[in-house]
Amino acid sequence: MKDLTLRIDLKIYEYSELSDADRKLMDAAREATNRSYAPYSHFSVGAAARLADGTIVTGTNQENAAYPSGLCAERTTLFYANSQYPNQAVETLAIAARNERGFLDDPIPPCGACRQVMLETEKRFKHPMRILLYGEKGIYEVKGVGALLPLSFDADSMK
Ligand code: THU
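A short tour of the structure in this document, coming up. (Residues numbered from 1 in each chain as written. Predicted model: local features only at pLDDT ≥ 70, side-chain atom pairs only at ≥ 80, totals over all residues. Heavy atoms only, no water.)

### Details of the site of the ligand
Okay, so step 1: Near the ligand the following residues occur: Ser41, Phe43, Val45, Asn61, Glu63, Cys72, Ala73, Glu74, Ile108, Pro110 and Cys111.
Okay, so step 2: One of the side-chain N or O atoms of Glu74 is found 2.6 Å from an oxygen atom in the ligand.
Okay, so step 3: Here the ligand has 370 Å² of accessible area as a free molecule, and 75% of this is covered by the chains.
Okay, so step 4: Looking at the shell around the ligand residue by residue, the classes come out as seven nonpolar, two polar and two charged. (Near = heavy atom within 4 Å. Polar contact = N/O pair within 3.5 Å; in protein donor to acceptor, adjacent residues only side chain to side chain. Areas by Shrake-Rupley, 256 points an atom, 1.4 Å probe, with all protein chains shown as cover. Nonpolar A, V, L, I, M, F, W, Y, C, P; charged D, E, K, R; others polar.)

Next comes the structure, spelled out in structure tokens:
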């Protein structure tokens, strides 16, 4: 028997400590929450992706009366980015969420399905994707999807 310990690294920033480019991206994610369609959960999530050429695209969660038919903000954003700009790596993805009381104190961790799609995007472009998770009390930064999805399944797992 052997032990295997996996370590993840993340940094926690105050909003004022972000670079201008990251602040702009985070503002876009926060602002996108206003365009969320969340009549069932009343939980509005916004995401903003900065692509390799500097383009910023945003997306929001889109709910449906048939609940599983809805989609999270992260996947809406990545699928849109990859549909419109199939040759541009996603360099950074910023995510923000608020409920009826406002933005959350602590960042929301993206759901498992979104992490899997983030991984595919990273692999597809062979480019690490930074992820910024907004919380009123601090912004988490991870330098790649590996930190959110250790022991992940990808195309190499089938070889
Ligand atoms: N949601 C997201 O958009 N992203 C996440 O990372 C977690 C959850 C959405 C899905 C649904 O519309 C609402 O939040 C409640 O789960």
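### What to know about a nonpolar patch on the surface
Okay, so step 1: A surface patch of nonpolar side chains, about 380 Å² in accessible area, is lined by Leu4, Leu6 and Leu151.
Okay, so step 2: Relative to the helices and strands, Leu6 is located in the segment before β1 (11–13). (Patch = residues over 30% accessible without salt bridge, like charges linked within 9 Å, V, L, I, M, F, W, Y side chains within 5 Å. Salt bridge = Lys/Arg side-chain N within 4 Å of Asp/Glu carboxyl O. Helix = DSSP H or I, 4+ residues; strand = E, 2+ residues; numbered from the N terminus.)

### Focus: the nonpolar core
Okay, so step 1: Judged by nonpolar contacts, the single largest core of 26 residues is most densely connected at Leu78, Leu93, Ile95, Met118, Met129, Ile131 and Val145.
Okay, so step 2: For this core, the elements supplying multiple residues, two or more each, are β2 (44–51), α2 (73–84), β4 (90–99), α3 (112–125) and β6 (130–133).
Okay, so step 3: Setting aside its immediate chain neighbours within four residues, Met129 contacts Leu78, Val90, Glu91, Leu93, Met118, Thr121, Glu122, Val142, Lys143, Gly144 and Val145. (Core = buried A, V, L, I, M, F, W, Y, C linked by side-chain atoms within 4.5 Å. Buried < 20%, exposed > 50% of the residue type's maximum accessible area, 1.4 Å probe, protein only. Contact = heavy atoms within 4.5 Å.)

### Thoughts on the side chain of Asp22
Okay, so step 1: Mapped onto the elements of the fold, Asp22 is located in helix α1 (residues 20–32).
Okay, so step 2: Residue class for Asp22 comes out buried when judged on its relative accessible area of 7%.
Okay, so step 3: Polar side-chain contacts of Asp22 include one of 3.0 Å to the side chain of Arg50.

### Topic: the pairing of strand β3 (residues 56–60)
Two faces belong to every sheet, and in a regular strand the side chains alternate between them.
Okay, so step 1: As defined by bridge partners, β2 adjoins β3 across five bridges and the pair is classed as antiparallel. Bridge assignment links Gly46 to a residue of β3, and that residue is Thr60.
Okay, so step 2: Between β2 and β3, which pair antiparallel and follow one another directly, the connecting turn spans four residues, one of which, Gly54, has a positive phi of 95 degrees. (Pairing = 2+ DSSP bridges.)

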